[in-house]
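Examination of the molecular architecture
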Amino acid sequence: MKPLKPSHIALAVAAVCSSPLLWAQQTVPTDVGRIAVDGLPGGTGNGLIIQEDTPKARSTVNKAHLDGLNPSNNPYQALELLPGVNTFSHDATGLYGGGLRVRGANSDQMGFTINGAPVNDSGSFSVFPQEYTDTDNLCELFVTQGSTDSEAPHVGASGGNVGMVTCAPSDEFAFQVAQTLGNLAYSRTFLRLNTGKFADGRAKAFISYSKSRVDKFKGPGRADRNHLDLGAQFQPTSNLMLSTSLLYNNAVNNNYRTLTRAQIAASGSDLDFSATPPQHLAAVNGTAQVETAPANGYYEYNINPFKNYLWAGKAEYKVSKEVSIAAEPYYWYGFGTGGSQLATLQESNAGSRLGGGIRDINGDGDTLDTAMVYRSSVTETFRPGITLKTNTRIGSHNLLAGYWFERARHFQTQPAVRFDNFGNAADRWLENENLFLLRQNGTAYQGRDQLTSSTATSLFLQDSVNLMQDKLGLQVGLRSSEIRREYTNFANEGGGQGADYSVNKSYSKLLPSVGLRYNLDAQQQVFFNLADNWKAPGNFSYGGLLSGGTTAAGVLTGAKQRVPSVEVETSTNLDLGYRFAGDALTVSGSVYYNQFKNRIARAWDPVAGLNVDYNVGDVIIKGFELESGVKLSSTWSLYGSLSYTDAVMQSNLQVSATAFEPTAGKQLPDTPKWMSGVRLGYKSGSWYASTDLKHTGSAFSSLVNDESVDAVTLVNATLGYRFADSSFFKKPTIQLNVSNLTDQDYLRINSGSGSLFTTRALGAGGSAPAYYVGAPRFISVTLRSDF
């Protein structure tokens, strides 16, 4: 169908409801800084805005918003209406993941936490939103645009941070059940048990479990997810509070195929991976069989199996009225694989090959063949850490001081196993070493084989001072952060990795920040923030460092190891903002200027045959953000956001010793200049409803800006009814969710890695960018009740 184009409407409505002058006559004095979890004061009842008091740009959503979403939506979808936030989900449910940018910074430039524990990949800082939470258990999500909090446990957050906070266990016993059904065989079951207070009222806990599955909207395949959350609090004395949380996630998703414009023109946007298993050639001893992978692959060999858990704890002790201390330990474990698993390997038995070459794969008794195999990159991470901090109040000063320590071990391998003609891989998780293909010397074939041990620390101090009877607030922070990477490459078949080598690198940065807020009156506040941020190079900087040498007797000798040259990425962010907090209106807006230096990008190294990190120069990002919540009446509310982002590369990209691409003055790809969001909400008696519009402007698909994606406006809707309580059911509710109500056709650039963009789409050396096809209209119904 033809795309609806309400972009001008969306922009106009967002601008109108973000203008305090139009609504000021409806307001009465309200305390600035009041946090409205249940949306009590001015225009915050929609759950998309609260009355912030921090001297930096920050936006928050809470449970009033989260409860109206499709229950399986991931955190990216929960944040999509906020200013400066550019998100994309592979499907309507959120079970397949997606992408996020804030002010042009990708998710791997943002620090993500759950209950204070970091969840970015410890090697590359990548983020996988479908692995983390059930929105039923979240009470708050916030995004700090452009600046990172002083105490945030990150060494890869040059663009800001995102925090997820789970709800505490309830004081009363409750058992909640929710069942969701929808298109594409979508089914989700959610169970949560709250113990209520016990142990003389000093303890309470909850445990929840969800099971979700949904088919792909194009091509064969599905997402299947099991998730467990647990939380508990215990207060043994009035001065000591102990809390803990645990999440476990186990999921297997089939991937969506990305397409170039030429592929869409030739085969349509529904083109996806084949449902037919690839067939092996008949094995014949003494004859070379050469197999080739089918052009459309196989959907069961394009999967993302992953399992992870995160434990986080907190012990907080109130030493005195003015002093408190806290310890926040955590432990992350993750294991899984992803991408395309279909590959071909060549058998051999020669001293010029690593380990003597790969043994017979197809069982014909020779080593002459090239055979299809199931192969993928596997990551296993062990990541303990702890933050120690103290708060001390001295007169008008509130001093926050602390230390963060983390030691992560990040194993990355790429084994291979056989598969049969029925599409059954010997081990789809690639975790059984007894099934791996072997070299002639008995060791396992590996397309990569590395261990990255990362020790990260931060020492931070922040002073928040209230002056002039709290009219003026000054916040000064200083953070000294460091990461030491110990990278070990074990000889493998990957390009430039044929022998053992190691890299030991340390990166550190002193990061000052200063913030100021001034209350003009009881309703109006202005704020200023200036902060330095940084991102250390990821471990992709150390891959494929070998060149030359000779392999004899299965061992590479004489290779030269180049020195990785990637430097720290830094950013300096300046915000100047205004807030208005009235009885019927809450407004927040800021103008900003952010200068990135030595921005890190990932690009293909044809010599090593790997994607590696490079510094690609400076980027200046400037613009403005505006958001507002309006209480129109006792039943109607309106939220709007409006963003303008000018993200310009400052230099040409060097692609060889003498060649440059003309990227200076070009807009960063996947960074639309204009975005807006609108929500109209209704609540009366037992009924509630909302309609959301998110306008995302056009964005470039290549670094030289020679291809782009069109602007799109998507509409989502929610309608719900809460029935009266009965002796058995408490708060029974039925809720209808519709995503992409007008069934828009659209494309989004494939940029999940953050900076892995096509340099140019046209001309010599051009390469066509790949796109995700936007999800069509999707309808689901949820029944939930407490017992």
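Moving on: the overall build of the protein. Secondary structure summary: the protein contains 4 helices and 46 strands in total. Compactness check: the protein gives a C-alpha radius of gyration of 27 Å against a globular reference of 28 Å for 787 residues, within 12% of the reference. Once the C-alpha set of the protein is aligned to its principal axes, its extents read approximately 90 × 60 × 55 Å. Within the protein, buried positions represent 55% of all 787 residues. In the protein, 68% of the contacts between residues at least 6 apart in sequence involve partners at least 24 apart. Total accessible area on the protein stands at roughly 30,900 Å², and carbon and sulfur atoms take up 57% of it. Computed over 65 positive and 68 negative side-chain charges, the inter-centroid distance for the protein is 3 Å.

This part is about the nonpolar core. Grouped together as the largest cluster of nonpolar side chains are 60 residues, with contacts concentrated most on L79, F112, V119, L141, M164 and W534. Take this core: its biggest share by element is 4 residues, from strand 24 (residues 501-519). Residue contacts for M164: discarding those within four places in its chain leaves P75, F112, T113, I114, N115, V119, Y132, T133, L138, E140 and L141. Counting 22 residues, the second largest nonpolar core, distinct from the first, contains F88, L95, L271 and Y772.

The subject of this paragraph is the sheet that holds strand 4 (residues 105-106). Across the sheet, 3 strands lie side by side as 2-3-4; this open sheet has antiparallel pairing. Pairing within the sheet leaves two strands with one partner each, and these edge strands are strand 2 (85-89) and strand 4. In this structure, strand 3 (residues 98-102) lies alongside strand 4, joined through 2 bridges in antiparallel fashion. Bridge pairing in strand 4 places R101 opposite N106.

Taken together, the side chains of F173, F175, L191, L193, I207, Y209, L230, L246, Y248, Y309 and W311 make up a nonpolar region of the molecular surface, amounting to roughly 880 Å² of accessible area. Elements that contribute at least two residues to the nonpolar patch include exactly strand 11 (186-194), strand 12 (203-215), strand 14 (240-254) and strand 15 (303-318). With respect to the secondary-structure elements, I207 resides in strand 12.

Here we take up the confidence of the model for the protein. When pLDDT is averaged along the protein, the result is 91; 92% of the residues meet or exceed 70. Every residue in residues 1-40 scores below 50 in pLDDT, and together they form 95 contacts with partners more than four places removed in sequence or on other chains.

Looking now at the pattern of salt bridges. All told, the structure shown has 33 salt bridges when counted by the stated rule. For K535, the salt bridge identified is with D108, shortest N-O distance 3.8 Å. Of this pair, K535 sits in strand 25 (residues 524-535) while D108 sits in the loop between strand 4 and strand 5 (111-114), and the two are 427 residues apart along the sequence. Across the pair, D108 and K535 agree in class, each one buried.

In this section: unusual backbone geometry. A positive phi angle, close to 55°, is found at R103, a residue other than glycine. For R103, a relative accessible area of 3% gives the class buried.

A few words now on empty space enclosed by the protein. A water-sized probe, rolled over the atoms, reveals where empty space remains. All chains considered together, the criterion is met by 11 cavities of 30 Å³ or more. For the largest cavity, the calculated volume is near 520 Å³. A per-class count over the lining of the largest cavity returns 12 nonpolar, 14 polar and 6 charged. Counted as a void, the second largest cavity has a volume near 120 Å³. As for the second largest cavity, its lining consists of 16 residues, and the residues nearest its centre are F125, H154, V155, R383 and E406. Contributions of two or more residues to the lining of the second largest cavity are made by strand 8 (156-157), strand 20 (397-413) and strand 22 (449-467). In terms of residue class, the lining of the second largest cavity is built from 7 nonpolar, 6 polar and 3 charged.

Moving on, we come to the side chain of R188. When you line up the elements, R188 lands in strand 11. Separated by 3.2 Å, the side chains of R188 and D134 make a polar contact. With sequence-adjacent residues up to four places away left out, R188 is seen in contact with P71, S72, D134, D136, A178, Q179, T180, S210, K211 and S212.

Another aspect to go through is the environment of L653. You can see L653 is positioned in strand 36 (residues 653-654). Sequence-wise, L653 and Q440 are 213 residues apart; in three dimensions their C-alpha atoms are separated by 44 Å. Excluding anything up to four places from it in sequence, L653 contacts V616, A659, F660, E661, T663, L703 and T759.

Now for the sheet that holds strand 17 (residues 342-346). Ordered in space as 17-18-21, the 3 strands form an open sheet in which the pairing is antiparallel. In the strand order of this sheet, the two ends are held by strand 17 and strand 21 (416-417), each with one partner. For strand 17 and strand 18 (residues 370-375), the ladder comprises 5 bridges, and the chain directions are antiparallel. Residue L342 lies in a different strand from strand 18, and its bridge partner there is Y374.

With that out of the way, let us pick up the packing of aromatic side chains. Applying the stated criterion across every chain, the model contains 26 aromatic pairs. Centroid distance Y298 to Y301: 4.8 Å. Interplanar angle 85°. Geometry classified as edge-to-face. Each ring, one from Y644 and one from W674, has its centre 5.0 Å from the other, and the planes form 55°; the classification is tilted. Taken together, the residues span a long stretch of sequence, with Y644 in strand 35 (residues 636-649) and W674 in strand 38 (residues 674-684) at a distance of 30 residues. Assessed through its relative accessible area of 36%, W674 is described here as partly exposed. Members of the aromatic cluster, joined through ring pairs, are Y298, Y299, Y301, Y374 and F419. Sitting over the face of the ring of F142, R58 holds its NZ or CZ atom 3.9 Å from the ring centroid.

Turning our eyes to something else, we now look at the state of the cysteines. The final tally for this structure, using the stated rule, is 1 disulfide. Here C139 connects covalently by a disulfide to C167, the sulfurs 2.1 Å from one another. Measuring the twist about the S-S bond at about 110°, one finds the C139-C167 disulfide to be right-handed. You can see C139 sitting in strand 7 (residues 138-145) and its partner C167 sitting in the loop between strand 9 (160-166) and strand 10 (174-182), a full 28 residues away along the chain. Using a relative accessible area of 22% as the deciding quantity, one classes C139 as partly exposed.

Here we come to the pairing of strand 18. Of all 6 residues making up strand 18, 5 are buried, and the element is well covered by its neighbours. Bridge analysis of strand 18 against strand 21 gives 2 bridges, and the strand direction is antiparallel. The partner of Y374 across the bridge, within strand 21, is V417.

On to the pairing of strand 43 (residues 730-739). Across 6 bridges, strand 42 (residues 712-722) lies against strand 43 in antiparallel orientation. Pairing of T718 across the sheet is with N737, part of strand 43. Sheet topology places strand 43 next to strand 46 (residues 778-786); 8 bridges connect them, and they run antiparallel. Residue pairing for strand 46: V738 is matched across the bridge by I779.

Locating S628 in the fold gives a position in strand 34 (residues 619-631). Under the relative-accessibility criterion, S628 is labelled buried at 0%. In terms of polar contacts, S628 uses its side chain to reach the backbone carbonyl oxygen of T586, at 3.2 Å.

Glancing now at the environment of L510. The residue L510 is located in strand 24 in this model. With 28 residues separating them in the primary sequence, L510 and E482 have C-alpha atoms 8.9 Å apart. Leave out the neighbours within four places in its chain, and L510 touches L478, R479 and S480.

What counts as what
- Residues numbered from 1 in each chain as written.
- Predicted model: local features only at pLDDT ≥ 70, side-chain atom pairs only at ≥ 80, totals over all residues.
- Heavy atoms only, no water.
- Helix = DSSP H or I, 4+ residues; strand = E, 2+ residues; numbered from the N terminus.
- Rg over C-alpha atoms; globule rule 2.2 N^0.38 Å.
- Buried < 20%, exposed > 50% of the residue type's maximum accessible area, 1.4 Å probe, protein only.
- Contact = heavy atoms within 4.5 Å.
- Areas by Shrake-Rupley, 256 points an atom, 1.4 Å probe, with all protein chains shown as cover.
- Lys, Arg positive; Asp, Glu negative; His and termini not counted.
- Charge placed at Lys NZ, Arg CZ, Asp CG, Glu CD.
- Core = buried A, V, L, I, M, F, W, Y, C linked by side-chain atoms within 4.5 Å.
- Pairing = 2+ DSSP bridges.
- Patch = residues over 30% accessible without salt bridge, like charges linked within 9 Å, V, L, I, M, F, W, Y side chains within 5 Å.
- Salt bridge = Lys/Arg side-chain N within 4 Å of Asp/Glu carboxyl O.
- pLDDT = per-residue confidence, 0-100.
- 1 Å grid on protein atoms, 1.4 Å probe; cavity = no way out; pocket = protein on both sides within 12 Å on 5 of 7 lines; lining within 4 Å.
- Points joined across faces, edges and corners; volume = space filled by probe spheres on them.
- Nonpolar A, V, L, I, M, F, W, Y, C, P; charged D, E, K, R; others polar.
- Polar contact = N/O pair within 3.5 Å; in protein donor to acceptor, adjacent residues only side chain to side chain.
- Phe/Tyr/Trp six-rings, centres within 6.5 Å; stacked < 30°, edge-to-face > 60°.
- Lys NZ or Arg CZ within 6 Å of the ring centre and 35° of its normal.
- Disulfide = S-S within 2.5 Å.

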